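Architecture and fold: a report
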Amino acid sequence: MSPESYHIQQREGNVLIVRVFSKPFRGQEIPDTVFTFRPGDPQYELWNKRYIEQMTNKKMKNLSS
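Each value, and the rule that gives it
Residues numbered from 1 in each chain as written. Predicted model: local features only at pLDDT ≥ 70, side-chain atom pairs only at ≥ 80, totals over all residues. Heavy atoms only, no water. Helix = DSSP H or I, 4+ residues; strand = E, 2+ residues; numbered from the N terminus. Buried < 20%, exposed > 50% of the residue type's maximum accessible area, 1.4 Å probe, protein only. Core = buried A, V, L, I, M, F, W, Y, C linked by side-chain atoms within 4.5 Å. Contact = heavy atoms within 4.5 Å. Phe/Tyr/Trp six-rings, centres within 6.5 Å; stacked < 30°, edge-to-face > 60°. Lys NZ or Arg CZ within 6 Å of the ring centre and 35° of its normal.

A look at the side chain of Asn48
Mapped onto the elements, Asn48 comes out in helix α1 (residues 44-64). The class of Asn48 is buried, set by a relative accessible area of 15%.

Now the structure itself:
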C-alpha cells in the first residue's frame, strides 16, 4: 500500500486513526475506510511505524520548501 493511499492521525492516548482513500468501483464512488488502532492492538506497531514515516516525510518536505 503506497503512502499516498492513506493518511494517519495520532490522537490522545497514542490512538492512531488510519483513513484509506477509496477509488471508484464500477463507476461508483465509495466511502473511504477508517480504522483505529490502540497501543497493544496486533497491527498498532505497523501503523505507528508508518505514522512516524509520514511525519518524517512531511517535515522533510517543509524543510526543502
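A short note on the nonpolar core
Within the largest apolar cluster, nine residues are counted, these being Tyr6, Ile8, Leu16, Val18, Val20, Phe37, Tyr44, Trp47 and Tyr51. Discounting residues that sit within four places of it in the chain, Ile8 has contacts with Leu16, Ile17, Val18, Trp47, Arg50, Tyr51 and Gln54.

Here's the deal with the environment of Phe35
With respect to the element layout, Phe35 can be found in strand β3 (residues 33-37). As a C-alpha pair, Phe35 and Tyr6 span 29 residues in sequence and 11 Å in three-dimensional space. Setting aside chain neighbours within four positions, we find Phe35 in contact with Leu16, Ile17, Val18 and Val20.

With respect to the packing of aromatic side chains
As enumerated under the stated definition, the model contains three aromatic pairs in all. With centroids separated by 6.2 Å and ring planes inclined at 25°, the aromatic side chains of Phe35 and Phe37 adopt a geometry described as stacked. Since its relative accessible area comes to 38%, Phe35 is described here as partly exposed. Classification of Phe37 by relative accessible area gives buried; the value is 10%. For the ring pair Phe37 and Trp47, a centre distance of 6.0 Å and an interplane angle of 15° mean the geometry is stacked. Residue Phe37 is located in strand β3, and its partner Trp47 is located in helix α1; the two are separated by ten residues in the primary sequence. Side by side, Phe37 and Trp47 carry an identical accessibility label, which is buried. One aromatic cluster in this structure is built from Tyr6, Phe35, Phe37 and Trp47. Over the face of the ring belonging to Trp47 we find Arg50, whose NZ or CZ atom lies 4.7 Å from the ring centre.

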